[in-house]
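# Results of the structural survey
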Amino acid sequence: MRRALAEAELAARAGDVPVGAVMLGPDGSLLATGHNEREATGDPTAHAEIVAVRRAAAALGQWRLSGCTLVVTLEPCTMCAGALVQSRVDRVVYGARDEKAGAAGSLWDVVRDRRLNHRPEVIHGVLEDVCADQLTAFFRGL
Ligand SMILES: [Zn+2]
């Protein structure tokens, strides 16, 4: 999560909302990183999780990320939750909850929807206050 927070800081420096993610391989090694690049790239899908999923798949040479763990500073939105289900990651770890748009336990629970045939394990609240403070500080600065 510390590494994801450092990624999020890169987003903030570029004027993007600070959200950072890391993808860990089945052996726990660092596979890919990503941070929110919506403003930097003009791409509405360039959320930290999507960037990390794409890079991890490219690094592995396949779309299936079985055994992998995504660590992200903010609870995934519906788009990212969908991408995490589609990529078959085993585990999603997040810090701050997103009561307004979260899709991993807050507003929705897309990743653990029993109607889907793949449901990653979810671990939340890791360094929650630090992750939330980083976002609060960014918005206070605007
Ligand atoms: Zn998202």
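One structure accompanies this document, and this report is about it. (Residues numbered from 1 in each chain as written. Predicted model: local features only at pLDDT ≥ 70, side-chain atom pairs only at ≥ 80, totals over all residues. Heavy atoms only, no water.)

Turning our attention to the side chain of Thr73. Mapped onto the secondary structure, Thr73 falls in strand S3 (residues 69-74). For Thr73, a relative accessible area of 1% gives the class buried. Setting aside chain neighbours within four positions, we find Thr73 in contact with Met1, Ala4, Leu5, Ala8, Pro18, Val19, Gly20, Gly95, Ala96 and Cys131. (Helix = DSSP H or I, 4+ residues; strand = E, 2+ residues; numbered from the N terminus. Buried < 20%, exposed > 50% of the residue type's maximum accessible area, 1.4 Å probe, protein only. Contact = heavy atoms within 4.5 Å.)

Attention now goes to helix H3 (residues 48-60). In this model H3 runs 18 Å from its N-terminal to its C-terminal C-alpha over 13 residues, within 8% of the 18 Å that 1.5 Å per residue would give. Those residues of H3 that sit buried are Ala48, Glu49, Ile50, Val51, Ala52, Val53, Ala56 and Ala57. Where H3 terminates, the next one or two residues include Gly61, which has phi positive at roughly 75°. (Expected span 1.5 Å × (residues − 1).)

Turning next to unusual backbone geometry. Non-glycine residue Arg88 carries a positive phi angle of around 65°. Within the element layout of this structure, Arg88 appears in the loop between helix H4 (78-86) and strand S4 (91-96). Using a relative accessible area of 22% as the deciding quantity, one classes Arg88 as partly exposed.

Moving on, we come to the side chain of Thr69. Relative to the assigned elements, Thr69 resides in strand S3. Side chain to side chain, Thr69 and Arg91 meet in a polar contact 2.8 Å long. The residues contacting Thr69, other than those within four sequence positions of it, are Val22, Met23, Leu24, Arg91 and Val93. (Polar contact = N/O pair within 3.5 Å; in protein donor to acceptor, adjacent residues only side chain to side chain.)

Turning our eyes to something else, we now look at the coordination of the zinc ion. Ideal coordination angles are 109.5 degrees for a metal with four donors arranged tetrahedrally and 90 or 180 degrees for a metal with six donors arranged octahedrally. At this site the zinc ion is bound by His47 (ND1), Cys77 (SG) and Cys80 (SG), with donor distances of 2.0 to 2.4 Å. The sequence motif formed by the donor residues of the zinc ion is H-x29-C-x2-C. The pair formed by Cys77 and Cys80 is uniform in burial state, with each residue classed as buried. (Donors = N, O, S within 2.8 Å, 3.2 Å for Na, K, Ca; no water.)

Moving on, we come to the sheet that holds strand S5 (residues 121-124). In spatial order, the strands read S2-S1-S3-S4-S5; together these five strands make up an open sheet with mixed pairing. Of all the strands in the sheet, just strand S2 (30-35) and S5 have a single pairing partner and so form its edges. Averaged over all neighbouring strand pairs, the angle between strand axes comes to 15°, with direction disregarded. Two elements, S3 and S4, share five bridges in a ladder whose sense is parallel. In the strand pairing of S4, Leu74 is matched with Ala96. Of the strands in this sheet, strand S1 (20-24), S2 and S3 are in contact with H3, which crosses S2 at around 150°. (Pairing = 2+ DSSP bridges. Axes fitted to C-alpha atoms, helices over the stretch in contact; angles between N-to-C directions.)

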